[in-house]
Amino acid sequence: MRNICLLIACLLCSTVSAATLNDIRFAELPGERFEVRMIFSEAPPEPAGYTLEKPARIVLDFPQVVSELKARRFPLSFENGQSAMVLTTEGRTRLILNLRDLATHTTRAEGNMYIVEVGASDGGYALARTESVVDIQQPASRQSAAVSGPSITSIDFRRGTEGEGRVIIGLSDSTISADMAETSAGVRLTFNNVHLPAELRRRLDVIDFATPVSVVHATEDGGGSVLNISALGEYDYLAYQADKEYVLSVKPLTAREKAERAREFQFTGEKLSLNFQDIEVRAVLQIIADVTDLNLVASDTVQGRITLRLSGVPWDQALDLVLKTKGLDKRQEGNVLMVAPAAEIAERERQELATRRQLEELAPLRTEYVRVRYANAKDLFELFRGDRGENGSNRGRQEGGAAGRGSNQTTGSVLSERGHAIVDERTNSIIVTDTSDRLEAFRRLVEQIDIPIRQVMIEARIVVANTDFRRELGVRWGGAGYGMVNGNRGVVSVSGSTEGLDDVDGTNPASWFTGSSGSLNLQEGKMVDLGVDNAAGSFAFSILTDNAFLDMELSALENTGYAEIVSQPKVITGDKQRATIENGTEIPYQEASASGATTTQFKEAVLKLDVTPQITPDNRIIMDLVINQDSVGAINQATGIPTIDVTQLNTKVLVANGQTVVLGGVFQVEQVRGEDKVPLLGDIPVVGRLFKRTVNEQNKRELLIFITPRIMSDSLTH
């Protein structure tokens, strides 16, 4: 009992001795500064605090202090101040100052008042603005007084051609090197044992250059020089040194580079820095909730302490690390974040599912009539069938037979265990029986699927162009003469033929004379017949004497022709629906069967377009195409079966809406050069042209296939 009394007395004493925060006041000071005055009931204890770079915050913890303030959040209207928060937890009171940019601060106690002054009162921050190039150098009058040894001589800033920000640092010695590190705000350059003149210790605001770099802050720390380069957005940086010049280039990322970086790194939250030694997990969660402006709900089982040091880490990654370390998990609904042990969350969700399932089993059944407008009700219902579709079909045939209108099937993937549906093919509708929630889900699903199919018009053009050329040149030689054969006077063939020379008496000239007048038939006296058949023109030359006749005829032929055949099949079909159009003839022919009988068979020679279009989300069309243009060829004399000249194209192509593309083509050239001549005589130079016939023939055939798809307007399909 005595020990209990002593403990109670100690607690009362500690409660009495605890200071209280009675009031807080804010005031603006010259030079973009402001101060916070905290009024306590007694002399305040010395607080412990820390700062955050991003978001910029100043945090002060006052131990054994209780806040008596009615409000916890105070908006600030200062240049660099956004808001202030006062929180009391576990025997301490925390002051949080939210800033736009991190600035230096000083603190002091005056009696029962504690004053925090925020701003550049110590000259540690100076603002420099420039139009094109920031250049800070030591004046020539003071360079001689500079400290001897390695030093930085100048700091310049320029904008590159690709929008990158280039920080150019002049060095007194080419052997000076820098340590580069990435921070939550940007990039930090440290030049160890390098002097930074006082004239260069400045904070440069370069946001007007429209580069990722916003601030270049040069300071001297611990005998070395430090440059903090603050950058905004997503960027990449590169540093290089050339002699006495050190250059840091910060380049903005392109859209493609941003997408690649997002795939590589899944955390995209705002970066923050945390450095705590043996802090409670609940306090860390509270800090993250303050950074993200989320409402936090932590389970009572969230306990334990943690030590962590994170610099420039996205808040969602920091939260994930804390949760994994302590075996916790989270669920977020809107702006409310719930944190609990992973096993507890899993058990809670399992119980919710079991409760929902029990409610569904006890819920009353309803029947609704769902009208299908564009799709086929039976085909649409096949999409919803589950593993129990066969059993449902058996039951549906019984009920559907009673109804006399359709078939009943169970959709195990959409409806509940007790639900079933009837497909009414006559009215193209579905009659569904299930709970209210499942009926609503079924109706929403039908509304999303039962939409008009977009129509596509496919137009093909098949162009066949034929060009032919033929040239022939020939000669005929003929003649006859009178002489004595076997003592008789008659006609002697110049070509050497002796047919009909017997019993020639002048009144019957046999084969060399025609008619009773005894006129000479010149066609029977041919020596060389290399003339052109069906010649377009000829030229003849004859020599006639008292006892001989000599004739020469030159004939020539030249013809040219051009023909163009254009076939233009056109068809309209729906998205992902096959369409076929054909036009042509069927050629009959006789064919003997195995029994010896004759049957009539047919061969097709048609123009055919077979297409299956698919409309992509960006309004382009993928088409599976089969195009045929067949024609009747020569007939086989042995079998009597005609041949078919086949032209076919089978391809798959992606075409923009309304664009015409050449699918393919065939170009054929047939060239024939021929020569007939009399041996020996035809080989004589120049003169040999009179004893030969030449043929020059050329045929050209070109086939081109064009395709043009067009997506029809929705107004035309309704």
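Residues numbered from 1 in each chain as written. Predicted model: local features only at pLDDT ≥ 70, side-chain atom pairs only at ≥ 80, totals over all residues. Heavy atoms only, no water.

1. Thoughts on the overall build of the chain
Here is step 1 of the chain: On a plain count of helices and strands, the chain comes out with 10 helices and 46 strands.
Here is step 2 of the chain: Considering the chain as a whole, with its 718 residues, one finds that 37% of them fall into the buried category.
Here is step 3 of the chain: Counted over contacts in the chain with a minimum sequence separation of 6, partners at least 24 positions apart contribute 61%.
Here is step 4 of the chain: Summing over all exposed atoms, the chain offers an accessible surface of approximately 41500 Å²; the carbon and sulfur share of this is 49%. (Helix = DSSP H or I, 4+ residues; strand = E, 2+ residues; numbered from the N terminus. Buried < 20%, exposed > 50% of the residue type's maximum accessible area, 1.4 Å probe, protein only. Contact = heavy atoms within 4.5 Å. Areas by Shrake-Rupley, 256 points an atom, 1.4 Å probe, with all protein chains shown as cover.)

2. Overview of the sheet that holds strand 23 (residues 295-298)
Here is step 1 of the chain: The strand order across the open sheet formed by three strands is 23-26-25, and the pairing between neighbours is mixed. Each edge of the open sheet carries a strand with a single partner, namely strand 23 and strand 25 (328-333). Across the sheet, the axes of successive neighbouring strands diverge by a mean angle of 20°, strand direction being ignored.
Here is step 2 of the chain: Summarising the sheet, strand 23 and strand 26 (residues 336-341) pair through four bridges and their orientation is parallel. Residue alanine 298 lies in a different strand from strand 26, and its bridge partner there is valine 339.
Here is step 3 of the chain: Against the sheet, helix 5 (residues 315-325) engages strand 25 and strand 26, with an angle of about 135° to strand 25.
Here is step 4 of the chain: In the packing of helix 6 (residues 342-362) onto the sheet, the strands contacted are strand 25 and strand 26, and the crossing angle to strand 26 comes to about 110°. (Pairing = 2+ DSSP bridges. Axes fitted to C-alpha atoms, helices over the stretch in contact; angles between N-to-C directions.)

3. Notes on the nonpolar core
Here is step 1 of the chain: Core analysis: the biggest nonpolar cluster contains 27 residues, and Ile152, Ile169, Leu189, Phe191, Val216, Leu227 and Ile229 have the highest contact counts within it.
Here is step 2 of the chain: Of all the elements in the fold, those that place two or more residues in this core are strand 13 (152-159), strand 14 (165-171), strand 16 (186-191), strand 18 (213-221), strand 19 (224-231) and strand 21 (245-252).
Here is step 3 of the chain: When near neighbours in sequence (up to four residues on either side) are disregarded, leucine 189 contacts Ile169, Asp179, Met180, Ser225, Val226, Leu227, Ile229, Tyr246 and Leu248. (Core = buried A, V, L, I, M, F, W, Y, C linked by side-chain atoms within 4.5 Å.)

4. Things to note about the side chain of serine 429
Here is step 1 of the chain: By secondary structure assignment, the location of serine 429 is in strand 30 (residues 429-434).
Here is step 2 of the chain: Within the local environment of serine 429, its side chain forms a polar contact with the side chain of tyrosine 369, the two groups lying 3.2 Å apart.
Here is step 3 of the chain: A distance of 3.1 Å separates a polar side-chain atom of serine 429 from the backbone oxygen of threonine 427. (Polar contact = N/O pair within 3.5 Å; in protein donor to acceptor, adjacent residues only side chain to side chain.)

5. A short note on helix 4 (residues 281-292)
Here is step 1 of the chain: In a regular helix each residue adds 1.5 Å, so 12 residues correspond to 16 Å; helix 4 covers 17 Å between its end C-alpha atoms and thus fits that length.
Here is step 2 of the chain: Counting buried positions along helix 4 gives 10 out of 12 residues, so the element sits mostly inside the fold. (Expected span 1.5 Å × (residues − 1).)

6. Notes on the sheet that holds strand 4 (residues 57-63)
Here is step 1 of the chain: Across the sheet, five strands lie side by side as 3-4-8-7-6; this open sheet has antiparallel pairing. Every interior strand has two partners, whereas the edge strands, strand 3 (48-52) and strand 6 (73-75), have only one. Along the sheet, successive strands turn relative to each other by an average axial angle of 15°, direction set aside.
Here is step 2 of the chain: Running over the sheet, helix 4 touches strand 3, strand 4, strand 7 (81-89) and strand 8 (92-99) and is turned about 145° from strand 4.

7. What to know about the packing of helix 4 against helix 5
Here is step 1 of the chain: It is the contact of helix 4 with helix 5, at a shortest axis distance of 11 Å, that shows an interaxial angle of 165°. On the basis of their axis angle, the class for helix 4 and helix 5 is roughly antiparallel. Judged by the sense of rotation from one axis to the other, the crossing of helix 4 with helix 5 is left-handed. Here Val281, Val284, Leu285, Ile288 and Thr292 of helix 4 lie close against helix 5, whose contacting residues are Trp315, Ala318, Leu319, Val322 and Leu323. (Parallel < 35°, antiparallel > 145°, perpendicular 65-115°, else oblique. Left-handed = near helix turned anticlockwise from the far one by under 90°.)

8. Re the pattern of salt bridges
Side chains that differ in sign of charge can pair as their charged atoms come close.
Here is step 1 of the chain: For the coordinates displayed, the defined rule picks out 30 salt bridges.
Here is step 2 of the chain: One salt bridge connects glutamate 35 with arginine 37, and the closest N-O pair in it is separated by 2.7 Å.
Here is step 3 of the chain: When its relative accessible area of 26% is taken as the criterion, arginine 37 is described as partly exposed.
Here is step 4 of the chain: Here lysine 692 and glutamate 675 are joined by a salt bridge, their closest N and O atoms 3.6 Å apart. Placement of the pair is lysine 692 in strand 46 (residues 692-711) and glutamate 675 in strand 45 (residues 661-677), with a sequence separation of 17 residues.
Here is step 5 of the chain: When its relative accessible area of 14% is taken as the criterion, lysine 692 is described as buried. (Salt bridge = Lys/Arg side-chain N within 4 Å of Asp/Glu carboxyl O.)

9. Considering helix 9 (residues 436-449)
Here is step 1 of the chain: In this model helix 9 runs 20 Å from its N-terminal to its C-terminal C-alpha over 14 residues, within 8% of the 20 Å that 1.5 Å per residue would give.
Here is step 2 of the chain: Buried within helix 9 are the following residues: Leu439, Phe442 and Val446. Along the axis of helix 9, the buried residues cluster in a sector spanning 65°; they form a single face. Opposite the buried face of helix 9, at more than 90 degrees from it, the exposed residues are Asp437, Glu447 and Gln448.
Here is step 3 of the chain: Where helix 9 is buried, its residues contact strand 27 (366-371), helix 7 (377-382) and strand 30. (Arc of directions from axis to C-beta.)

10. Re the packing of aromatic side chains
Any aromatic ring pair is given by two values, namely how distant the centres are and how the planes are angled relative to each other.
Here is step 1 of the chain: Tallying each qualifying case throughout the model produces seven aromatic pairs.
Here is step 2 of the chain: Where phenylalanine 26 meets phenylalanine 74, the ring centres are 6.0 Å apart and the plane angle is 50°; that geometry is what we call tilted. Here phenylalanine 26, found in strand 1 (residues 19-29), pairs with phenylalanine 74, found in strand 6; they are 48 residues apart in sequence, far enough to count as distant.
Here is step 3 of the chain: What makes phenylalanine 74 buried here is its relative accessible area of 17%.
Here is step 4 of the chain: Ring centres of phenylalanine 40 and phenylalanine 62 lie 5.5 Å apart, and the angle between their planes is 45°; on these two criteria the pair is classed as tilted. Taken together, the residues phenylalanine 40 in strand 2 (residues 33-40) and phenylalanine 62 in strand 4 connect sequence positions 22 residues apart. (Phe/Tyr/Trp six-rings, centres within 6.5 Å; stacked < 30°, edge-to-face > 60°.)

11. A word on a nonpolar patch on the surface
Here is step 1 of the chain: Together, Phe539, Phe541, Ile543 and Leu550 make up an exposed nonpolar region whose accessible area comes to about 380 Å².
Here is step 2 of the chain: The element best represented in the nonpolar patch is strand 36 (residues 537-544), accounting for three residues.
Here is step 3 of the chain: Secondary-structure assignment places isoleucine 543 in strand 36.
Here is step 4 of the chain: On the accessibility criterion, isoleucine 543 (40% relative accessible area) is partly exposed. (Patch = residues over 30% accessible without salt bridge, like charges linked within 9 Å, V, L, I, M, F, W, Y side chains within 5 Å.)

Any functional reading would require information that these geometric values do not contain.
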